[in-house]
Amino acid sequence: MRPPPMAHMDDCLGRLADATARETGIDKRNSPGAGAAGGLGWALLQCCGAAMRPGIDVVLEAAGFDEALNGAGLVVTGEGSLDGQTAMGKVPVGVAARAAAKGVPVAVIAGTLGAGHEAVYSMGIRCAIGITPGPMELAEAMDRAEELIGRA
């Protein structure tokens, strides 16, 4: 009798990790980014000497964000729904960290302010405003974006 597909895949991946660790003397299977759904991350860490970096850092560096902050008095960034998850490392928090290092305040314009959004205030975000006056279909919000942002 064959094992269930997931158990079989898990066993095979475990044997692959064991074999590469044995051959290379490196075991990256417990590294951040190498866990569930991190197969490619693990392979790059284990076999190619890659390093994991937060995506926001890569994007801000590529965009020259730190240089753009020189002389800035305010950064305005956006988020679809600013909520408790935002504080767990979404774009506005990454932007705020970089801006705080240069003493530049950050404001967020969000589609909505959700539960727990207040957590971002301790992470360098000075103010946040939701642009929708109440429940609204995404298509309508997008069609009215200029008006809604202008009101906010």
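In what follows, the structure referred to is the one given above.
In what follows, the accompanying structure is described.

Conventions used here
- Residues numbered from 1 in each chain as written.
- Predicted model: local features only at pLDDT ≥ 70, side-chain atom pairs only at ≥ 80, totals over all residues.
- Heavy atoms only, no water.
- Helix = DSSP H or I, 4+ residues; strand = E, 2+ residues; numbered from the N terminus.
- Buried < 20%, exposed > 50% of the residue type's maximum accessible area, 1.4 Å probe, protein only.
- Contact = heavy atoms within 4.5 Å.
- Areas by Shrake-Rupley, 256 points an atom, 1.4 Å probe, with all protein chains shown as cover.
- Pairing = 2+ DSSP bridges.
- Axes fitted to C-alpha atoms, helices over the stretch in contact; angles between N-to-C directions.
- Expected span 1.5 Å × (residues − 1).
- Arc of directions from axis to C-beta.
- Core = buried A, V, L, I, M, F, W, Y, C linked by side-chain atoms within 4.5 Å.
- 1 Å grid on protein atoms, 1.4 Å probe; cavity = no way out; pocket = protein on both sides within 12 Å on 5 of 7 lines; lining within 4 Å.
- Points joined across faces, edges and corners; volume = space filled by probe spheres on them.
- Nonpolar A, V, L, I, M, F, W, Y, C, P; charged D, E, K, R; others polar.

**Observations concerning the overall build of the protein chain**
Next, step 1: Within the protein chain, the regular secondary structure consists of seven helices and three strands.
Next, step 2: Listing the helices and strands of the protein chain from first to last along the sequence gives α-α-α-α-β-α-β-β-α-α.
Next, step 3: When its C-alpha atoms are laid out on the principal axes, the protein chain stretches across 65 × 40 × 25 Å.
Next, step 4: The buried share among the 152 residues of the protein chain stands at 29%.
Next, step 5: Excluding contacts between residues fewer than 6 apart, the proportion of contacts in the protein chain whose partners are at least 24 apart in sequence is 49%.
Next, step 6: Per element, the accessible surface of the protein chain, about 9,700 Å² overall, is 60% carbon and sulfur.

**Looking at the sheet that holds strand β2 (residues 106–113)**
Next, step 1: Reading across the sheet, the three strands line up as β1-β2-β3 and stay open at both edges, with parallel pairing between neighbours. Each edge of the open sheet carries a strand with a single partner, namely β1 (75–82) and β3 (125–130). Strand-to-strand twist in this sheet, taken as the mean axis angle between neighbours without regard to direction, amounts to 25 degrees.
Next, step 2: Summarising the sheet, β1 and β2 pair through seven bridges and their orientation is parallel.

**A few points about helix α1 (residues 5–24)**
Next, step 1: Over its 20 residues, α1 runs 28 Å from end to end, which matches the ideal 28 Å to within 8%, given 1.5 Å per residue.
Next, step 2: Among the residues making up α1, those that are buried are Ala17, Thr20 and Ala21. Buried residues in α1, looked at end-on, bunch into an arc of 100 degrees, giving them a common side. Turned more than 90 degrees off the buried face of α1, the exposed positions are Pro5, Arg22 and Glu23.
Next, step 3: Directly beyond the C-terminal end of α1, a positive phi value near 75 degrees is found at glycine 25.

**Notes on the side chain of threonine 77**
Next, step 1: Mapped onto the fold, threonine 77 is located in strand β1.
Next, step 2: On the basis of relative accessible area, threonine 77 is assigned to the buried category, the value being 13%.
Next, step 3: In contact with threonine 77, not counting residues within four places along its chain, are Val91, Pro92, Val95, Val106, Ala107, Val108 and Ile109.

**As for the nonpolar core**
Next, step 1: Formed by 18 residues in total, the largest nonpolar core has its most connected members in Val75, Val106 and Val108.
Next, step 2: Sorting the residues of this core by element identifies α3 (55–62), β1, α5 (91–101), β2 and β3 as the ones contributing at least two each.
Next, step 3: Those residues in contact with valine 106, other than ones at most four positions away along the chain, are Leu74, Val75, Thr77, Val95, Ala96, Ala99, Gly124, Ile125, Arg126 and Cys127.

**Thoughts on the layout of surface pockets**
Next, step 1: Its boundaries defined by the atoms lining it, the second largest pocket holds a volume of some 180 Å³.
Next, step 2: Forming the boundary of the second largest pocket are 13 residues, of which Gly111, Thr132, Leu138, Ala141 and Met142 lie nearest the centre.
Next, step 3: Secondary-structure elements contributing two or more residues to the lining of the second largest pocket are β2, α6 (138–143) and α7 (145–151).
Next, step 4: It is α6 that provides the largest number of residues to the lining of the second largest pocket, a total of three residues.
Next, step 5: Its residues assigned to classes, the lining of the second largest pocket comprises eight nonpolar, four polar and one charged.

Remember, this is a structural readout, not a statement about activity or role.
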